[in-house]
Amino acid sequence: SLAAKVSWDQTNLYLLVDVTDDTHAQTYTGQDVWKGDGIQFAIDRQRASRPSDAPYAEFGLSLTGDGPQVFRWTDTPGLVPEATCVVMRDGTHTVYEAAIPWVLLGGRPKTGDTLGFSLLANDNDGKEREGWVPLFDGIGWRKEASKFGALMF
């Protein structure tokens, strides 16, 4: 299961995600972190006016053997040193806290803007990705921004 909170200020979008998972397994890094336990989320700045296959920003948060990582799959793929991520594991809970600079998301939205948003927690208990728990659809089975939920500012 997961519980998530999203907030923002002039500089960053902030995510706090608490995942309940009996086993934490993340042996992957970089572009493959989706195969292990971790978070994937996407932001669609053109929510109201785009075809479902148009580009959007997709990121991953993970606790790897190299420490917490933020990875971006879209635009310029790679690790994102401008973002910050802290991941804490306590019992069956993994808590992800991240700050993603608005500059990486196309700029800060204005009051009244609505952005498309999708978030999921991947589950791997040691062998392979077993599935995921979505907060909103659109990035689990296939990439379909038309299925994203809404973040209203």
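Residue positions within a chain follow its written sequence, with the count starting from 1. It should be noted that, the model being predicted, local features are given only for residues of pLDDT at least 70 and side-chain atom pairs only at 80 or more, the latter also being counted only at that level, while totals for whole chains, interfaces and linings use all residues. Values reported for side chains reflect all heavy atoms of the structure, with hydrogen atoms and water molecules removed beforehand.

*Asks:* Any chance you could explain the overall build of the protein here in plain terms?
*Replies:* Helix and strand definitions follow DSSP, with helices as H or I runs of at least four residues and strands as E runs of at least two, each counted in order from the N terminus. Scanning the protein for helices and strands turns up zero helices and eleven strands. Helices and strands in the protein line up, N terminus first, as β-β-β-β-β-β-β-β-β-β-β. C-alpha atoms define the radius of gyration, and 2.2 Å times the number of residues to the power 0.38 defines the globule rule. The C-alpha radius of gyration computed for the protein amounts to 15 Å, which stays within 12% of the reference 15 Å derived for 153 residues, consistent with globular compactness. When the backbone C-alpha atoms are referred to their principal axes, the protein occupies close to 40 × 30 × 25 Å. Looking at the protein residue by residue over its 153 residues, the buried ones come to 46%. Method for areas: the Shrake-Rupley scheme with a 1.4 Å probe, in which residue coverage is limited to the protein chains shown. Carbon and sulfur atoms provide 51% of the accessible area of the protein, an area that totals close to 7,900 Å². A positive count includes Lys and Arg, and a negative count includes Asp and Glu. His and the chain ends are not counted in either. To locate a charge, the coordinates of NZ of Lys, CZ of Arg, CG of Asp or CD of Glu are taken. When the 14 positive and 21 negative side-chain charges of the protein are each reduced to one mean point, those points stand 7 Å apart. Partly exposed residues are those whose accessible area sits between 20% and 50% of the maximum for their type, while under 20% is buried and over 50% is exposed, using a 1.4 Å probe and protein chains only.

*Asks:* Help me out: how do you make sense of the pattern of salt bridges in this one?
*Replies:* Should their charged atoms come close, side chains of opposite charge can pair. The rule for a salt bridge is simple: a side-chain nitrogen of Lys or Arg has to be within 4 Å of a carboxyl oxygen of Asp or Glu. In total, this model carries four salt bridges according to the counting rule given. Measuring nitrogen to oxygen at the nearest pair gives 3.0 Å for the salt bridge that ties Lys143 to Glu58. With a gap of 85 residues between them, Lys143 in the loop between strand S10 (129–136) and strand S11 (149–152) and Glu58 in strand S4 (residues 57–64) connect regions that are remote in the sequence. Of the residues examined, Lys143 reaches a relative accessible area of 42% and is grouped as partly exposed. Among the ionic contacts, a cluster of salt bridges with common partners joins Arg142, Glu144 and Lys147.

*Asks:* Got a minute to help me understand the sheet that holds strand S2 (residues 12–20) in this structure?
*Replies:* Strand pairing in a sheet relies on backbone hydrogen bonds. The paired strands run either parallel or antiparallel. Here, a strand pair is defined by DSSP locating no fewer than two bridges between the strands. Here we have four strands laid out as an open sheet, ordered S1-S2-S8-S7, and antiparallel in their pairing. At either margin of the open sheet sits one strand with a lone partner, and together these are strand S1 (2–8) and strand S7 (84–90). Direction aside, the axes of adjacent strands within the sheet are offset by 10° on average. In this structure, S7 lies alongside strand S8 (residues 93–101), joined through seven bridges in antiparallel fashion. Residue pairing in the sheet places Val87 in a bridge with Tyr96 of S8. With axes taken as lines fitted to C-alpha atoms, and helix axes fitted only over the stretch in contact, angles between N-to-C directions fall between 0 and 180 degrees.

*Asks:* Looking at this structure, how should I read the packing of aromatic side chains?
*Replies:* Two aromatic rings are characterised by how far apart their centres lie and by the angle between their planes. Stacked, tilted and edge-to-face pairs are distinguished by plane angle, under 30 degrees for stacked and over 60 for edge-to-face with tilted covering the rest, among Phe, Tyr and Trp rings (Trp via its six-membered ring) whose centres lie within 6.5 Å. In total, this model carries seven aromatic pairs according to the counting rule given. Residues Phe41 and Phe59 carry aromatic rings whose centres are separated by 5.4 Å and whose planes lie at 15° to one another, so their mutual orientation is stacked. One end of the pair, Phe41, is in strand S3 (residues 38–44); the other, Phe59, is in strand S4, with 18 residues separating them in the sequence. Given a relative accessible area of 0%, Phe41 falls into the buried group. You can call Phe59 buried: its relative accessible area is 0%. Through a chain of ring-to-ring contacts, three or more aromatic side chains come together here, namely Trp8, Trp102 and Phe153.

So yeah, pure geometry; function would need other evidence.
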